[in-house]
Amino acid sequence: KDRIQEYFYLYREIQTGDRNGKWDINWTNWFSQNINYMRRMTAHPTDDYWKRTALILAQFDGMVAGYKNASKPTDVPISELDFWILHSAGDLDDLGEFFKAGFRDPELTLKCTGLIKILDDYSDVYFAQDTWSDYRELHSYLKEYNLNVPEFKSHRVQVSTRTGHIPSVDDFWTNDQGLLVLETTMHNFNETLYKLYVKPESVLTWIRSYHATFASDNGKEWTENFIRENSGTYNNEYIVLDTKKFTKGEKPQEDFLWMIEQYPGNYRSQDITEELISKSYFPSINTPWFKDLFELADYPGQQKRDPHKAEFWSYEQPRTQIIMRDAPGLSNYEDFKKVMRYNDYKNDDSI
């Protein structure tokens, strides 16, 4: 309870600039409508999707009730709405852009790098994600759930997360069905997409990714579960590796590696197993891989508006170049870790 209270102060300071500040009225109105929609759809669920979502809301309600029951009269009151906004950290980035509330430097939201590397003899495959942020985020930890719930295909799930959060904040997941999931956040420069498709009558990304990880036992199913009720907020690229499809020494067949990219009202998903095998690696670098989504999100327009950083807003940005240079020759896990931890920007003149 004490750690949640401390983090709530910190989170509100990050989002509003004032640890004692108030949420923007547009946020509270929107999130209140969203909560009402979720309560309505899960009150008497008739299909498996909403039955499973109702269980996730029950877990959320347990956290709200637990904090309330453990609180003293002198503690900071944290309401259901506060907890909902706290959980919606990634979704709030896009809503802030939508409502023009708060300040968000688009460059600072691009803080993840993912890489999948398969060895040439198919003897092993490596899967990793980097996330970096400011010092106020130095309280992350690995959380494991063991929920013997018959509605879920997966019962044991591990997540990289933060204090007071049920889902993964970094969007790094594993489950006992052999799935490994990573995510990197993309930007949207096309404000028309927000206006057309971002509605409170949807399911926020933090719930959809959590639900998909518990409800899925293969990559394609994960993408299908994830995209239903697309909120158009926290627009990400997710990559799902199915370890059940890997046999040491054998070339992986279809459905080994899936990817989905989401934008408001739009998405693309694809089995990218052959892409991985053809190059021996596949990167994820906060930029759309699908060219039509790259254009839909108006990355070309941003490159024209900010020509000095045109390369930064391209798919062939410096992180991509580092991976293209170093990933093909990797042959062991120690070297793979060195690439993922590489940071020599002051001396590396080759990119």
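Residues numbered from 1 in each chain as written. Predicted model: local features only at pLDDT ≥ 70, side-chain atom pairs only at ≥ 80, totals over all residues. Heavy atoms only, no water.

Asker: Run through the packing of aromatic side chains, naming residues and quoting values.
Answerer: The geometry of an aromatic ring pair is captured by two quantities: the separation of the ring centres and the angle between the planes. Tallying each qualifying case throughout the model produces 33 aromatic pairs. Taken together, a centroid distance of 5.6 Å and an interplanar angle of 85° make the contact between Trp30 and Phe31 edge-to-face. Residue Trp30 shares its accessibility class with Phe31, and that shared class is buried. Ring plane angle 40° and centroid distance 5.2 Å describe the contact between Tyr126 and Phe336, whose orientation is recorded as tilted. Placement of Tyr126 in strand β2 (residues 125–131) and of Phe336 in helix α13 (residues 333–340) is noted, with a sequence separation of 210 residues between them. (Phe/Tyr/Trp six-rings, centres within 6.5 Å; stacked < 30°, edge-to-face > 60°. Buried < 20%, exposed > 50% of the residue type's maximum accessible area, 1.4 Å probe, protein only. Helix = DSSP H or I, 4+ residues; strand = E, 2+ residues; numbered from the N terminus.)

Asker: I'd like a rundown of the packing of helix α7 (residues 205–215) against helix α8 (residues 219–227), residues and numbers included.
Answerer: Running from N to C, α7 and α8 cross one another at 150°; their axes reach a closest spacing of 8 Å. When you trace α7 past α8, the crossing you get is right-handed. Seen from α7, the contacting residues are Thr205, Arg208, Ser209, His211, Ala212, Thr213 and Ala215; seen from α8, they are Glu221, Trp222, Asn225, Phe226 and Ile227. Split by residue class, the contact of α7 with α8 holds 5 nonpolar, 5 polar and 2 charged. (Axes fitted to C-alpha atoms, helices over the stretch in contact; angles between N-to-C directions. Left-handed = near helix turned anticlockwise from the far one by under 90°. Contact = heavy atoms within 4.5 Å. Nonpolar A, V, L, I, M, F, W, Y, C, P; charged D, E, K, R; others polar.)

Asker: Could you give me a rundown of the pairing of strand β7 (residues 236–242), with the residues and numbers involved?
Answerer: Taking burial as the measure, the 7 residues of β7 include 7 buried ones, the bulk of the element. Going residue by residue along β7, you find Asn236, Tyr238, Val240 and Asp242 tucked away on one face and Glu237, Ile239 and Leu241 tucked away on the opposite face as well. Pairing geometry for β7 and strand β8 (residues 257–263), over 5 bridges, is antiparallel. If you follow Val240 over to β8, its bridge partner there is Trp258. (Pairing = 2+ DSSP bridges.)

Asker: Account for the pattern of salt bridges, with residues named and values stated.
Answerer: Per the counting criterion, the structure on display carries 17 salt bridges. The salt bridge partner of Arg156 is Glu144, with a shortest N-O separation of 2.7 Å. Separated by 12 residues along the polypeptide, Arg156 in strand β4 (residues 156–161) and Glu144 in strand β3 (residues 141–146) bring together distant segments of the chain. Given a relative accessible area of 33%, Arg156 falls into the partly exposed group. For Arg325, the salt bridge identified is with Asp348, shortest N-O distance 3.0 Å. Separated by 23 residues along the polypeptide, Arg325 in helix α12 (residues 318–326) and Asp348 in the segment after α13 bring together distant segments of the chain. Residue Arg325 is classed as partly exposed on the basis of its relative accessible area, which comes to 35%. Among the ionic contacts, a cluster of salt bridges with common partners joins Lys1, Asp2 and Asp75. (Salt bridge = Lys/Arg side-chain N within 4 Å of Asp/Glu carboxyl O.)

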